[in-house]
Amino acid sequence: MAANKEDSDDIFANEEELEKALCVLAGSDPENCSYSRGYVKRQAVFACNTCTPSAAEPAGVCLACANKCHDGHDIFELYTKRNLRCDCGNSKFGEFKCQLIPAKDEENVKNHYNHNFNGCYCTCDRPYPDTDDQSNDEMIQCVICEDWFHSGHLGCTTVEPEELQEMTCEACMNKVPVLWTYAAHFAVPPVVSVSDPEEEVEVEEGSEMEEAPESSKTSDEEPSTSVEHTKQEKAASRSSPCKRTHEEMTGSPAKATTKTVVCRLKELQAKGLERPRHGAVFWPYSWRSKLCTCMSCKRIYVAAEVQFLMDQSDTILAYENKGLDEPFGQHPLMALTSSMDRIQQLEVIYGFNELSTSMTAFLDQCVAEGKTVTVEAVHQFFEELRARKRRRTNAGYQ
């Protein structure tokens, strides 16, 4: 295949898009079982319905084991999970042994499982994709329990898909009730003032509701507003405004005269803003930095087993970015092209782009015609691709 400069510019411009599409897998090691790394902070996780079909014995396997030990099996792709140690080949798998690390503990007692590991999701406990439900509802993951929910089952109005940010389901909000206070100030939906339940206050996405509405302020509130304004100016000069220095947490005499409350949570509770405690909550990506990290609040997070909320690198976005910046290994396509000359690289990437375009067109046609994508239809699709390739190859030798 001959490639001119315009083709090469367009093709290589897509390399970045390809890498971004692979960022979830790039953050996990595709060659080596993650078991030796212990309970991994976050990684791509899979469940094998062939080996562990019982709901009573859920198990998770890493990317490398999904590729090498469970190739050809019925696999559930679970996206990413936090603090999970690879179960492949342990007692849950019977006689089946991991090909990468055969000797493993019988069980990983610190692993947490939910019905996702049996291929079910949401409060409706249905599979995805669901052959009995053709509504094609958007699925959104809770950042705490990491279950996936249909947007129609969240108990709230869902923001537009392109604006989706971090979401916490209602059950997890009630598991950590103090989050409702933060939701009243920082979450995406509007909030309601306790002093005037009928008055709605619009909150801009990602904004910080630091002051009560003008109509609900009283003369008694003015001093605290002034002090709060001073506090905001001081906070703006720090990189993490809700973190406290040791002196601030212990309350040094010099600062005690101007600041009597050092707990961010208590400061927010004093403002009297609340919101209805039902439905899921959508947050701007910066919301975790608003959480108070004083010792009292840390104990609350630990007791609720959500201390990971204080860790900015726990987010999916941070994981994906790390996968792009410091991948465990190149994706096979990238590794393949790195050993080729420029023309061969262009041919491979051109072929990949053609496959991607053809597959998208094939699926769009199925949707437009209302057809179900069957195994036979997919086989026919690839056979047509191979036929086109043979025609191009034969033409090249004439």
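On a predicted model such as this, the values are computed, not experimentally measured, just so you know. Here the residue numbers are simple positions, counted from 1 along each chain's written sequence. With pLDDT at 70 or above as the cut-off, local features in this predicted model cover only qualifying residues; side-chain atom pairs require 80 or more to be listed or tallied, and sums for whole chains, interfaces and linings still use all residues. Calculated side-chain values reflect all of the structure's heavy atoms, with hydrogen atoms and water omitted.

## Quick look at the overall build of the chain
Step number 1: The secondary structure content of the chain amounts to 14 helices and 9 strands.
Step number 2: For the chain, buried positions account for 40% of its 398 residues.
Step number 3: Pairs at least 24 apart in sequence give 68% of the contacts found in the chain among residues at least 6 apart.
Step number 4: Here the Shrake-Rupley method, with its probe set to 1.4 Å, supplies the accessible areas, and only the displayed protein chains count as covering residues. A total of about 22,500 Å² of accessible surface is found on the chain, and carbon and sulfur atoms cover 52% of it. Note on conventions: DSSP H or I runs of at least 4 residues are helices, E runs of at least 2 residues are strands, and numbering of each starts at the N terminus. In this scheme, a residue with accessible area under 20% of its type's maximum is buried, one over 50% is exposed, and one in between is partly exposed, where area comes from a 1.4 Å probe on protein chains only. Contacts are assigned to residue pairs that have any heavy atoms within 4.5 Å of one another.

## Some remarks on the nonpolar core
Step number 1: Counting 46 residues, the largest nonpolar core has Ile144, Met167, Leu179, Tyr182, Trp283, Val306 and Leu309 as its most contacted members.
Step number 2: Of the residues forming this core, the biggest block, 6 residues, is contributed by helix H5 (residues 178-186).
Step number 3: Split by domain, this core shows at least three residues from each of two domains, domain 1 (25-118) and domain 2 (137-190 + 263-329).
Step number 4: Ignoring any residue separated from it by four or fewer positions in sequence, one finds Met167 in contact with Ile140, Gln141, Cys142, Val143, Phe149, Leu154, Ala280, Val281, Phe282 and Trp283. The set of buried Ala, Val, Leu, Ile, Met, Phe, Trp, Tyr and Cys residues whose side-chain atoms join them within 4.5 Å is what this entry labels a nonpolar core. Segmentation into domains, and thus their bounds, comes from an automatic or database assignment.

## Observations concerning the confidence of the model for the chain
It should be kept in mind that the predicted coordinates are not to be read in detail where pLDDT is low.
Step number 1: A score between 0 and 100, pLDDT records how confident the predictor is in each residue. Averaged over all residues, the pLDDT of the chain equals 75, while 63% of them reach at least 70.
Step number 2: Model confidence for the chain, summarised as mean pLDDT per element, is weakest for helix H6 (residues 222-236) at 41 and strongest for helix H4 (residues 170-175) at 97.
Step number 3: For residues 1-13, every residue scores under 50 in pLDDT, and the model assigns this stretch 14 contacts once sequence neighbours within four places are set aside.
Step number 4: Low pLDDT (under 50) marks residues 190-257, which in the prediction has 90 contacts with non-local residues, meaning those over four places away or in another chain.

## Details of the side chain of Ser34
Step number 1: Counting through the fold element by element, Ser34 comes out in the loop between helix H2 (23-26) and strand S1 (40-48).
Step number 2: Among the polar contacts listed, one links the side chain of Ser34 to the side chain of Gln43, at a separation of 2.9 Å.
Step number 3: Ignoring anything within four residues of it in the chain, the contact list for Ser34 reads Val40, Gln43, Cys62 and Cys86. Any N or O atom pair separated by 3.5 Å or less is treated as a polar contact, with the protein-specific requirement of one donor-capable and one acceptor-capable atom, and with residues adjacent in sequence counted only for side-chain atom pairs.

## With respect to the pattern of salt bridges
Step number 1: Counted as salt bridges are all cases of a side-chain nitrogen of Lys or Arg within 4 Å of a carboxyl oxygen of Asp or Glu. In the structure shown here, the tally under the stated rule is 11 salt bridges.
Step number 2: With a shortest N-O distance of 2.9 Å, Asp130 and Arg126 are connected by a salt bridge.
Step number 3: Judged by its relative accessible area of 12%, Asp130 falls in the buried class.
Step number 4: Two residues, Glu166 and Arg288, come together in a salt bridge whose shortest N-O distance is 3.0 Å. In this pair, Glu166 is assigned in strand S5 (residues 166-168) and Arg288 in the loop between strand S9 (281-283) and helix H10 (295-303), connecting sequence segments 122 residues apart. Each of the two residues, Glu166 as well as Arg288, counts as buried.
Step number 5: Linked through salt bridges whose partners overlap, the residues forming this network are Arg42, Arg82, Glu146, Glu166, Arg288 and Asp314.

## With respect to unusual backbone geometry
Step number 1: The amide bond that connects Tyr128 to the next residue, Pro129, takes the cis arrangement and shows omega of -5°.
Step number 2: Relative to the helices and strands, Pro129 is located in the loop between strand S2 (75-84) and strand S3 (139-141).
Step number 3: The phi dihedral of Asp125 is positive, around 55°, even though this residue is not glycine.
Step number 4: Here Asp125 is to be found in the loop between S2 and S3.
Step number 5: At Glu146, a residue that is not glycine, the phi angle is positive and equals roughly 65°.
Step number 6: In this structure, Glu146 sits in the loop between S3 and strand S4 (148-150).

## A few points about the side chain of Thr315
Step number 1: Inspection of the secondary structure assignment puts Thr315 in the loop between H10 and helix H11 (316-325).
Step number 2: Classification of Thr315 by relative accessible area gives buried; the value is 8%.
Step number 3: There is a polar contact of 3.1 Å between the side chain of Thr315 and the backbone nitrogen of Ala318.
Step number 4: Aside from chain neighbours lying at most four places away, what touches Thr315 is Arg42, Glu166 and Arg288.

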